[in-house]
Structures are given as structure tokens and as C-alpha cells.
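Below are the chains, spelled out letter by letter.
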Amino acid sequence: MPVWDDLVGQERVRAQLAAAARDADALVTAAAQGVEAPDAAKSKMTHAWLFTGPPGAGRDTAARCFAAALQCVSPDRALGGEPGCGFCDGCHTALIGTHADVEVIRTDLLSIGVKETRELVRRAQLSPAGGRWQVIVLEDADRLTEGAGNVLLKAVEEPAPRTVWLLCAPSLEDVLPTIRSRCRHLTLRTPPVDAVADVLVRRDGIDPETAAAAARATQGHIDRARRLATDERARARRAAVLKLPLRVQDVGGCLKAAQELIDASGEDAKQLAEETDVKETEELKAALGGGQGGRMPRGTAGAMKELEDRQKRRRTRTQRDSLDLALGDLTGFYRDVLALQLGTRTAIANEDVHDALDRIARDSTPESTLRRIEAVLACREALDRNVAPLLAVEAMTLALRAG
């Protein structure tokens, strides 16, 4: 199965990456055989790529598939086969994350700092250890601080001969202009609902009815659709969020709904912390030579404090992500309400709460629905600006009540 099969609904991007992988393979093969390399000016391969697209479009998947194709060592290539077979050692290890020359960087924190970026730049200057290219996949390029972006810029401007940067971000505006101007830009689209449902059935063994409902509810977001189809807790959280529009009839209901939304996101962060924080702390204590009774050697307090700060930032990020998921569900709810009010033929995403959609659509106007959608978007922007989550959500629920 070719690596490109993981790219759902991205035929144009797939064709561009496959062409670049062919040219990249020709360049490396020519260098290994000591023959003249193809004309670089006509090559579809370049040293830096920027993948953008809406959440769920598969930006990181596209980057990993391309990284695997660049490392493909299938013997079929010599017979005219496409790089990216999906079966050879190069493809397999790149896709599962164990290839020595493919570094995938993702963060569970709110930002990527200068220290981490300098380590990436140092890695990028190395020659491939055994693969065909040194590939750096930065899944959260939009989380680079300004200082980190300036550090990365130097590496993108003057890349090592066999190093490829694959950056992922929601939009061009999320990346420094100086960086994006030096990258080849590929825009991914939201995958069709039918294509996402098909993937859930083929890859995850989910029954067609459940897969179709999850894909429709998440409007083509592959990861969220998979979670919704397989996680009972995720379905319960979504059901609770979709009841919120009916609960904001008075100020008390608004404040209570906001508090419950914050509590639910905090519970998500707490559960993640319980799974990872204790393990990380114990591992660090053991590495630093912590003895019995919890006593730590002198000079290790700084390392423990750094870990605690990292875990605190991760909990904040987890809570923000959980809130963002809930706000996305609310936006989808009011989108469906607007579709009913305008009588469009747009497919309804939240068919399971059609009665609530009808009730809100009858009791309000399209103008008030648009204002409610704007209130949800304003809440997301406030959270991005580090407004206290409870205040941001309370302001949103009061705006939903006002319509």
C-alpha cells in the first residue's frame, strides 16, 4: 500500500509530492552513481516545504508521507516504480517514527522556544546517517516564538545539501514572512465526509453507520472523527456541549454552563497529567540519582523545577485544546441552525440533535445565529490571547443568550 493512501481527499497535493519525490530520488541516485544530476532548476524538489490547511486536513500526515517517500529504498524504483511504496524499510520506519534520518517534532506545550529550535538546527546540519535525506518535520511551526523563528530562518536560508525541512501550520499568516517566503507552499483542504468515513471503515474496522455519523459530525476532521467513533467519553462530552445552546436561557444558566465547560476541560487536563506526570517525575528522579525516601542529591532542584514548569504548561495546553474542541462543536451546531433558517441544501452535521436545531432555528433569526457564531469565534480568539478561560467562556455564553 503506497504511503500516499494516508492522504485522504488530497489528490492535488498527493500529485505534487509524488512528483517531488521522484525528482528527489533521481538526484540522490545520480549522486550515488557519480553521474550528472538532473537539472536542479527544473526539479520539483526543494529543501523547504510549508504545509497549511484547516484542522483535520492532514498537514502532519502529508509531511510524514512525503518524508517516507524521500527515504524509500524499494528496488522497484530502478524499474520505474514510484518512491513511497509503503513496504520497504525506509518507508516503514519513517511512518512509524523510528527512522534515524527523520526527526518529527511536535509539542504538547503552548510554544516552541529558542533552545529547542537550536537543537533542531544543529541536527539539520548533519549528513544522513543511513537514509537518502535528512528530514526534519516540524508539526507545530505556528507555535514557534519570534526568537525561535529567527533561529530557524538561518537554517532554512542556508540548508545542508541533503536536508529537507517540512513545516506544518494552519495558515501562511501563522509563520514568519521571512520563513514562508523560502518554502514551497502546499495548501490542503478539508477532506470530504465520505472519504473520511471510508478511511474509518477500512483502517479502523468501524462499522459504516458509526463511521458515517462520526465523519459527518466532525465535518471531515479525521482524528476527531476517529476519536468520536471509538471513544464513548468523547461522545458523551460532545453530547453535553450540544445541549449548551438550550441552557443559556438566563444569566444563571449561562454562568453554570460556562463553569461546567471549564470543569470538563480541566478534567481532561487532569487525566492526562495523571497518566504522564507521575511517570515523568519518577523517571527524572531515577536519572538524577534520587534515593529512598524521596531525597534528591544537591544541585538537582533546577531540573525538577524545569520539569514541573513544563508539566504545568502542558496542562494549560491540554485544557485549551479541550475547550477548542468544544467550541468547534458549538460552531458546527450554529452552522446547522443557520442552514435550516436559510433553507439551504447544505448537509446537516449534527443530525443526532435535529430537534434542538429546529427549536433554536424557529426561535431566532439568521442574524442572531451569525452573532452567536461570532461570539464563539471571539471566545477562541480570547483564549489565544491568554484571557482567563472562565471569563472568556462566560462572556461567550452571555453573548449566546443575547443572540
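Check the entry above for the structure.
Conventions used here
- Residues numbered from 1 in each chain as written.
- Predicted model: local features only at pLDDT ≥ 70, side-chain atom pairs only at ≥ 80, totals over all residues.
- Heavy atoms only, no water.
- Helix = DSSP H or I, 4+ residues; strand = E, 2+ residues; numbered from the N terminus.
- Buried < 20%, exposed > 50% of the residue type's maximum accessible area, 1.4 Å probe, protein only.
- Arc of directions from axis to C-beta.
- Contact = heavy atoms within 4.5 Å.
- Salt bridge = Lys/Arg side-chain N within 4 Å of Asp/Glu carboxyl O.

Peer 1: What's the story with unusual backbone geometry in this structure? I'm lost.
Peer 2: Its identity is not glycine, yet Gln219 carries a phi of approximately 55°, on the positive side. Its location among the elements puts Gln219 in the loop between helix 8 (208–217) and helix 9 (222–230). Residue Asn386 is not a glycine yet carries a positive backbone phi of 65°. In this structure, Asn386 sits in the loop between helix 14 (366–384) and helix 15 (389–402). For Asn386, a relative accessible area of 53% gives the class exposed.

Peer 1: I would appreciate a short explanation of helix 8 in the present structure.
Peer 2: Because an α-helix packs 3.6 residues into every turn, residues spaced three or four apart end up facing the same way. What helix 8 keeps buried is the set Ala211, Ala214, Ala215 and Ala217. One side of helix 8 holds all its buried residues, which, seen down the axis, span an arc of 165°. Seen from the open side of helix 8, the exposed residues pointing more than 90 degrees away from its buried face are Pro208 and Glu209. As for helix 8, its buried residues are in contact with helix 7 (193–204), helix 9 and helix 10 (232–242). One or two residues past the end of helix 8 sits Gln219, with phi positive at roughly 55°.

Peer 1: Explanation requested: the pattern of salt bridges in the structure shown.
Peer 2: Oppositely charged side chains may form a pair once their charged atoms are brought near each other. One pass over the full model with this rule turns up 23 salt bridges. One salt bridge connects Glu11 with Arg189, and the closest N-O pair in it is separated by 3.7 Å. Placement of Glu11 in helix 1 (residues 11–33) and of Arg189 in the loop between strand 5 (184–187) and helix 7 is noted, with a sequence separation of 178 residues between them. The class for Glu11 is exposed, based on a relative accessible area of 54%. Its relative accessible area of 45% is what places Arg189 among the partly exposed residues. Note that Asp324 is salt-bridged to Arg224, the shortest N-O span being 3.7 Å. Residue Asp324 is located in helix 12 (residues 301–342), and its partner Arg224 is located in helix 9; the two are separated by 100 residues in the primary sequence. Arg224 gets classed as partly exposed once you look at its relative accessible area, which sits at 26%. Each of Asp60, Arg64, Arg106 and Glu139 takes part in a single network of salt bridges with overlapping partners.

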